[in-house]
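Summary of the model geometry
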Amino acid sequence: QAAAPLHPVAVQCREAQAVVTVRRDLFGTGRPVRAADLTLGSAACLPVARSAAEPTVTFVVGLHECGSTLQMTPDSLIYKTILSYKPTPSGNPVIVRTNAAVVPIECHYPRKSNVSSNAIRPTWAPFRSTLSVEERLVFSLRLMNDDWSTERLSNGFQLGESLHLQADVASGDHVPLRLFVDDCVATLSPDRTSSPRYALIDLSGCLVDGRSDDTTSAFISPRPRQETLQFMVDAFKFAGDDRNLIYITCHLKVSPVDQAPNPLNKACSFNKASSLWAPVEGTGDICSCCETGNCP
C-alpha cells in the first residue's frame, strides 16, 4: 500500500529485494522522527542515505539480508522482518517525547509459479496494532439541535425542554470502535466531585435519570453510527439554588465493535411502558444491574 497519513509504512516486494518506505511523520502528529532512529531487521540495517529534509525514509534490502527469516507454507514463501523505531534523546538528554515502536513486515511469494511474472501483493500486520497505544482518541460531547443535524448554537434552555446530547469519538486508524457513555454527573461548578451533584448516567452506562417518574430521558436507538451515541435529558435545575448555570461532565469510553456489549460496556434506558431496562444494542440481561445497582 502507498504510504499515507493513516498508513505511514509502505512495502514493495520485488523479486529479490524488499523496499520499505517510511513517512518521517510516523505517528501522524506532525513531529517527524529522525531517520537515524529507524532500522530494519534484527541486524539493524540503516536506510538509504537521503536528505534530512525529505518527508520519507527508504530501506532497500535483499530478502535474505538484515536478519530476515523465511517461513515456508504449502503455497507460499514468506519473508519476515521488522521495522524498529528507537528514539534517542534530543535537546534535553533526560527526556524523550515518543515511545519505541516495532512494525512487523512480511513479503509473500507463491511457490508454484514464476514469481517475476506475477503481481505480488505484500501483506503485513496492520500498523495500527503496534501503534494504537501511541494514538489519542478524540472524544467530543455536544449539545445538538432538535433534529440532531447540527450543533446547537445556544446552551440556554427552559424547564420543560429537552437537552439533545451527542457523544462522538474520532477513531482514526484504530480497529472499528463502539462508543459508550460510562457516567454523566451534573454539578454547579466545573468540579464533578463538588456538591450538590446529580447523576444522569451511572453504573457503567445506565441512564438513571430516566428512571424518575417525571422524565422521558433516554438513549436514542438505533445509533447513527457505532462511534456516536445520542441521548436526551429533560432540562432541570438544582432545588433551592437560583444559579442558572449547570455543568455536565461525562466519562466516555470505547470498545471494539466486534466485542458484544456487556454489563461493563452498555447503553441502557428505562422503558416506562414495560417497566424494564432496555439496551441500545445487545441482550436485555446486560441492563439488569441497572435496577439492582450491582454493575461492575
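Note that this is a predicted model, so its numbers are computed, not measured.

About the cut-offs
Residues numbered from 1 in each chain as written. Predicted model: local features only at pLDDT ≥ 70, side-chain atom pairs only at ≥ 80, totals over all residues. Heavy atoms only, no water. Helix = DSSP H or I, 4+ residues; strand = E, 2+ residues; numbered from the N terminus. Pairing = 2+ DSSP bridges. Axes fitted to C-alpha atoms, helices over the stretch in contact; angles between N-to-C directions. Disulfide = S-S within 2.5 Å. Buried < 20%, exposed > 50% of the residue type's maximum accessible area, 1.4 Å probe, protein only. Contact = heavy atoms within 4.5 Å.

A few words now on unusual backbone geometry. The phi torsion of most residues other than glycine is negative, and most of the peptide bonds are trans. In this structure, proline 196 follows serine 195 across a cis peptide bond, with omega equal to 5°. Within the element layout of this structure, proline 196 appears in the loop between strand S10 (177-187) and strand S11 (197-201). Cis peptide bonds are those with omega within 30 degrees of zero, and the linkage from serine 221 to proline 222 qualifies with 0°. Considering the arrangement of structural elements, one finds proline 222 in the loop between strand S12 (218-219) and strand S13 (228-234). Although it is not a glycine, alanine 44 sits at a positive phi angle of roughly 55°.

What follows covers the sheet that holds strand S2 (residues 17-23). Pairing is antiparallel in the open sheet, where three strands are placed in the order S1-S2-S4. Since the sheet does not close on itself, it has two edges, and those belong to strand S1 (9-13) and strand S4 (56-62), each with one partner. Strand-to-strand twist of the sheet, defined as the mean angle between neighbouring strand axes without regard to direction, takes the value 15°. As paired elements, S2 and S4 share seven bridges and run antiparallel to each other. Note that in S4 the partner of valine 19 across the bridge is valine 60.

Before going further, it helps to spend a moment on the state of the cysteines. Per the stated rule, a full pass over the model turns up six disulfides. Residue cysteine 289 pairs covalently with cysteine 295 via a disulfide, S to S 2.0 Å. Where cysteine 289 bonds to cysteine 295 through sulfur, the torsion about that S-S bond is close to 95°, and the disulfide is right-handed. A relative accessible area of 8% means that cysteine 289 is categorised as buried. Residue cysteine 295 is classed as buried on the basis of its relative accessible area of 15%.

Turning next to the side chain of threonine 58. With respect to the helices, strands and loops of the structure, threonine 58 is situated in strand S4. Its relative accessible area of 11% is what places threonine 58 among the buried residues. Ignoring anything within four residues of it in the chain, the contact list for threonine 58 reads Val19, Val20, Thr21, Pro47, Val48 and Arg50.

Right, let's talk about the sheet that holds strand S8 (residues 138-144) for a bit. Taken in spatial order, the four strands of this open sheet run S8-S9-S13-S12, and their pairing is antiparallel. Lying at the two open borders of the sheet, with one neighbouring strand each, are S8 and S12. Where strand S9 (residues 162-170) and S13 come together, seven bridges link them in antiparallel fashion. Bridge pairing in S13 links histidine 164 to methionine 232.

Read these as spatial facts, not as claims about activity.
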